[in-house]
Amino acid sequence: MTLGKFIERLAQLVPVLLGVSLIVFLMMSLTPGDPVEIMLGDQHVTPEQEQALRHDLGLDRPPHERFLVFIGNALQGDFGTSFYHRRPVGEVIAERLPATIELTLVAMILALVTAIPLGVLAAVKKSTIFDKASTVGSLLGVSMPHFWFGILLLMLFAVHLHWLPVAGRIDYEYQVEPITHLLLVDSLLRGNIAAFGNALSHIILPALTLGLAMGAILMRVTRTSMLEVMRADYVRFAEAKGLARHRILFRHALKNALIPTVTVAALETGTLLGGNMIVETIFGWPGLGRLVVESIFQRNYPLVQAAVLFYAVTYVMLNFLADILYTILNPRVKL
Amino acid sequence: MTTTTLPRPDTAAGDRPEPVLSVRDLRTAFKTSHGIVRAVSGVSLDVYPGECLGVVGESGSGKSVTFASVMGLVKKPGWVEDGEILYRGRDLTRLSDRELRALRGKDIAMTMQDALTALNPALTVGEQILEVLRAHADDLPRGRAGRAEARRRAVEMLDLVGIPSPADRLNEYPHQFSGGMRQRIMIAIALACRPRLLIADEPTTALDVTIQAQVLELIADIRARLGMSVVLITHDLGVVAEHCDRVVVMYAGQVVETGPTRAVISDPKHPYTQGLLDSIPRLSDLSHPIRPIQGQVPELIDLPPECRFIGRCPKRTPDCRTGIDMRPAGPGRAARCILVGEETEA
Amino acid sequence: MTTAVPASSAGASSAASPDRAARTQSPFWRNMRKFADNRLALASGVVVLLFVVMAVAAPLIAPHDPNATDLFRRLQPPAWMAGGEWAYPLGCDALGRDILSRIIYGARISIFIGTAVILVATTIGILAGLAAGYLRGWVDTAISRLVDILLAFPYLIFAIGLMAMMGPGLSNIVIALAYKEWVIPCRVVRGETLAAREMEYVEAARALGAGRARIMWREILPNILSPVVVVSTIRMANVIILEASLSFLGLGVQPPTASWGSMVADGRAFMLEAWWVSTFPGLAILLLVLSLNVASQGLRDAFDPKFHD
């Protein structure tokens, strides 16, 4: 892919991102209730003070101007003030973000490293007991509500068996000087194996819960596309060439079969991002998802607005990356 | 070694060298939801060193399945039920997967109908030709020297099939080549290990006419240079007439006629061969009417012992119900028809 | 149903026969028979129906008032455990309410919201998809842009955002989910319509002077209905999980109304001493969603053989 094409594709994102911002803006503008009243809460102020606040927040301007201001501020990373924390929203989000990124990455990796080999195996052993069991397993995985699965894991492994911790990201006694703010990475970089083990024990259950549905779907997709690819002429030709079985399977078949898997994986990150809110709530994970849920109940609208926008933009960018990856995997497609 | 020094297989039977490939009473079946399909039922044929054998038939005649069986590429729900496949005296049906794999691509190679689908779209052309060299080249030195040698052979092979500046194009993907070039690349891959036998499965069907001729010329040229045998599987008797020394005509899973190409075409003994000839338009004689064969190939499930062509045969007699074996029909010739015997007697 | 004919998912509708009578009925029923032959899918369909019956007849089936509290029965275990009794087979929650009765009433919420969202979304999706696919031009551009933008939001986050703004409540859930859900049938209908408008029977109708509305409604729609039906059943399972997720977070149906998601949330506080409070409602969700998934897969296989492995 040439740089020009890349920039062209990047430019196509602009209208989508603008539309996304407009919808987020509208969502908040149509909210019943006056943000100024919510912000002031029980504080007694004179009508003049209230008017001044309204003016400061730009709420006395017409809607289209407010949208332009919103976009302009958003581009500068200014999402207003969190009513609850009394600090800039951007700052609060940035603080919580690493925990969410870490959890999402681990869930994704967990899903990919189990789903792809299992999907390949199911395809190779088509119609055997293993294949049937994996079909049932993936159906269960797709049909399982996140929140219930998480609670079952929690009840079993944390509450009753005491094998794993109930909540949080790491126990208080461990201190890891941040580098990347991802605890698993930082504790390794600092050579603090004990902290790494503790962080790992905290992340297993939430990551498993979050990754389950994605893993189930990816396994299904890998199996189906692997079966399709193994019927392809080029696999037959590879067999006629007398190549070793593993080479046919992994080099000829899997490389092509992974193309749909990557696409679906990118789409499924949307589910993963949404799932964060639930999983973080269940496991007391100090990330962005739980912050959003808390903020909703605190009527902390600027934060909710910024977070929804952030998630949507992230999702758009992930899909864009998947498109790029798709062209790398599939040389036929010229962007 | 060139073909001209080899004895022509259509000379007297006693002069014939040992065949490279000898298929004896091969039976291959497929399990389907409607019953067991006997796709190949009792096929015998020989391929001699240096010759080009044409295998002709409609789709469903069993010609491709026969050679898939030879390559050991028949997959579930299909299997080889019975028969021998002798390659230079070794019965391929008794070899292990490993032994077969060592043979495939090295001694017996195959090209597919359509290079567009036979070449892996996600791998470079260079990788696809190098991997077959690496899989079979026991004579390649290890390490860097081996890689360099494999690369040299790959370039040489691509050059042989007529790819311009082959060394520069090893890193390109199949879609970056034209249709004719892709076909040449596939042939280069098949021939990379200098096999003794090339099975070309419908090499021209997916191509337009001018490229068809080029590809067939190329195969003929390389056959002469490498001294290998070629099996040309096709439904086009015209292609056979032009390129093959001998021909095997298949119908409904059986061989119905075999013999030297020129003799078979000038004087077909089996009504089906006659029918195939009548259905080709002739440029030399435009007044010659094209008569397609009426009817369809019978479904190959639970067939009665009668002649399989009986439903479509213009010359059928009540005696055809009993079925019939191959009968000798002149020098190097045989046909599966009761009329053959009568003709000789008359 | 008199007019539905399956079209393959890629849109190359095989039913291009000019004879209307031949297009009607038979393929649809042939596919339904194929579906019925798939025993697992059929059984799942029956389970789904049982849930529907349970929801409709909840007042007749439920042994107790789902909202009747009884503090003497606080966290009473299921009948087969020590301290349980068969009058309350699945035990009681923290307010002493009968869990089985609440599950039976909870089916009403899941099935009502699932059906309502799918109906609203499919209706909007069909209208928008037909308009985009048949009229093309600026209509198509506008609808497709909107679809792209809505697809850019992760589903649950979009729904949570909307619920945060609108506040909880039954009708708000339906609105919040339908806002994004219509995009899915819309894309299916648009694709099928694009393919169908080039078909002979549509051209024949055009040649006979049929108006645009008539062609869209009478000629194209009946022929693309099958994939829409298949997609709707698949989506229904998803919508039910989404509703349960919203209720779990406390953004859905408000107490004391029984909803499976909020029942699971209620049990979180008692994981140590009363596992049954969360477990049984979750099991109900799993069973309904699983049955819907299996049944819809059976439908898809029956209607579109291309999906077979």
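Basis of the calculations
- What you see as residue numbers is a count from 1 along each chain, following the sequence as written.
- Lettering for chains starts from A, numbering for ligands starts from 1, and both go in the order in which the items are written.
- With the structure being a predicted model, the display of local features is reserved for residues of pLDDT at least 70 and the display and counting of side-chain atom pairs for 80 or more, all residues being used for whole-chain, interface and lining totals.
- Numbered from the N terminus, helices here are DSSP runs of H or I no shorter than four residues, and strands are runs of E no shorter than two.
- UniProt positions are given in the numbering used here, feature names are shortened, and annotations may be inferred rather than shown by experiment.
- Paired strands, as defined in this entry, are two strands with at least two bridges between them according to DSSP.
- Contact between two residues is assigned whenever their backbone-derived C-beta positions fall within 7 Å.
- We call Asp, Glu, Lys and Arg charged. Ala, Val, Leu, Ile, Met, Phe, Trp, Tyr, Cys and Pro are nonpolar, and the rest, Gly among them, are polar.
- Neighbour density around each residue's C-beta defines its exposure: 20 or more other C-beta atoms within 10 Å make it buried, 12 or fewer make it exposed, and counts between make it partly exposed, where C-beta atoms are placed from the backbone.
- Given a helix with a known number of residues, its expected span is that number minus one, times 1.5 Å.
- These domain boundaries are the output of an automatic or database domain assignment.
- Simply put, an axis is a line fit to the C-alpha atoms, just over the touching stretch for a helix, and the angle between two N-to-C directions goes from 0 to 180 degrees.

(A) Spatial organisation of the environment of Lys255 of chain A. Locating Lys255 of chain A in the fold gives a position in helix H11 (residues 245-282). As for Lys255 of chain A and Lys125 of chain A, which are separated by 130 residues in sequence, their C-alpha atoms are 19 Å apart.

(B) Layout of the UniProt feature "transmembrane region" (unreviewed entry) in chain C. Residues and elements named next belong to chain C. Here the UniProt-annotated "transmembrane region" (unreviewed entry) positions come out as residues 40-62, 109-135, 155-179, 224-254 and 274-295. The span residues 109-135 carries 100% helix and 0% strand; its end-to-end C-alpha distance comes to 38 Å. The distance separating the terminal C-alpha atoms of residues 155-179 is 10 Å; by composition the span is 88% helix and 0% strand.

(C) Just the pairing of strand S4 (residues 78-87) of chain B, in detail. Residue and element names in this part refer to chain B. Bridge count for strand S1 (residues 21-32) against S4 is eight bridges, and the pairing is antiparallel. Bridge assignment links Arg27 to a residue of S4, and that residue is Asp82. Remark: two residues form the turn of the hairpin made by S4 and strand S5 (residues 90-91), two consecutive strands paired antiparallel; Arg88 in that turn has positive phi of roughly 45°.

(D) Quick peek at the UniProt feature "domain: ABC transmembrane type-1" (unreviewed entry) in chain A. When the UniProt feature table is mapped onto this chain, "domain: ABC transmembrane type-1" (unreviewed entry) is found at residues 97-322 of chain A. The distance from the first to the last C-alpha atom of residues 97-322 of chain A is 22 Å, and the span holds 80% helix and 0% strand.

(E) The arrangement of the interface of chain A and chain B in detail. Contacts between the two partners involve 19 residues from chain A and, on the opposite side, 24 residues from chain B. Those elements that place two or more of their residues in the side of chain A that touches chain B are helix H10 (233-240) and H11 of chain A. The greatest single-element share of the side of chain A that touches chain B, amounting to six residues, is contributed by H10 of chain A. A per-class count over the side of chain A that touches chain B returns eight nonpolar, four polar and seven charged.

(F) Structural view of helix H12 (residues 260-267) of chain C. By the criterion of burial, H12 of chain C is predominantly enclosed, with eight of the eight residues buried. Those residues of H12 of chain C lying buried are Trp260, Gly261, Ser262, Met263, Val264, Ala265, Asp266 and Gly267 of chain C. In the core, the buried residues of H12 of chain C are packed alongside helix H7 (146-160) of chain A together with helix H5 (99-135), helix H11 (212-248) and helix H13 (276-303) of chain C.

(G) Spotlight on helix H9 (residues 183-196) of chain C. All names here are of chain C. With 14 residues, H9 extends 20 Å from end C-alpha to end C-alpha; this agrees with the ideal 20 Å at 1.5 Å per step. A large share of H9 lies buried, amounting to eleven of its 14 residues. For H9, the set of buried residues is Val183, Ile184, Pro185, Cys186, Arg187, Val188, Val189, Arg190, Glu192, Thr193 and Ala196. For H9, the secondary structure elements touched by its buried residues are H5, helix H6 (137-151), helix H8 (170-181), helix H10 (200-207) and H11.

(H) Looking closely at the UniProt feature "transmembrane region" (unreviewed entry) in chain A. All names here are of chain A. Summarizing the sequence annotation, UniProt attributes the feature "transmembrane region" (unreviewed entry) to residues 12-30, 105-124, 136-159, 199-221, 257-283 and 303-329 in the numbering used throughout. Spanning residues 105-124, this segment combines 100% helix with 0% strand, and its end C-alpha atoms are found 29 Å apart. Secondary structure content for residues 257-283 is 96% helix and 0% strand, and the end C-alpha separation is 35 Å.

(I) Inspection of the domain arrangement of chain A at higher detail. On domain assignment, one finds that chain A holds domain 1 (33-78) and domain 2 (93-329). Between the C-alpha centres of domain 1 of chain A and domain 2 of chain A the distance comes to 39 Å.

(J) Looking closely at the interface of chain A and chain C. Between chain A and chain C, the residue contacts involve 39 residues of the former and 35 residues of the latter. Every element with two or more residues in the side of chain A that touches chain C is listed here: helix H1 (3-29), helix H6 (129-143), H7, helix H9 (193-230), H11, helix H12 (288-297) and helix H13 (301-329) of chain A. Of the residues contributing to the side of chain A that touches chain C, the split by class is 30 nonpolar, nine polar and no charged.

(K) How the structure looks around the arrangement of the chains. Summarising the chain contacts, two pairs of chains touch, and the pair with the most contacts is chains A and C. One thing to see here is that chain B and chain C don't touch, and their nearest C-alpha atoms sit 15 Å from each other.

(L) Seen up close, the sheet that holds strand S7 (residues 197-201) of chain B. Residues and elements named next belong to chain B. Reading across from one edge, S6-S7-S8-S3-S9-S10-S12-S11 is the order of the eight strands in this open sheet, with mixed pairing throughout. The outermost strands of the open sheet, each flanked by one partner alone, are strand S6 (108-111) and strand S11 (327-328). Against the sheet, helix H11 (residues 271-278) touches strand S3 (52-56), strand S9 (246-251) and strand S10 (254-260), its axis set at about 105° to S9.

(M) Representation of the sheet that holds S4 of chain B. Residues and elements named next belong to chain B. On the basis of which strands lie adjacent, the open sheet formed by four strands has the order S2-S1-S4-S5 and antiparallel pairing. On the outer flanks of this sheet lie strand S2 (35-47) and S5, each paired with one strand and no other. Strands in contact with helix H1 (residues 63-71) are S1, S2 and S4; relative to S1, the strand with the most contacts, it is inclined by about 105°.

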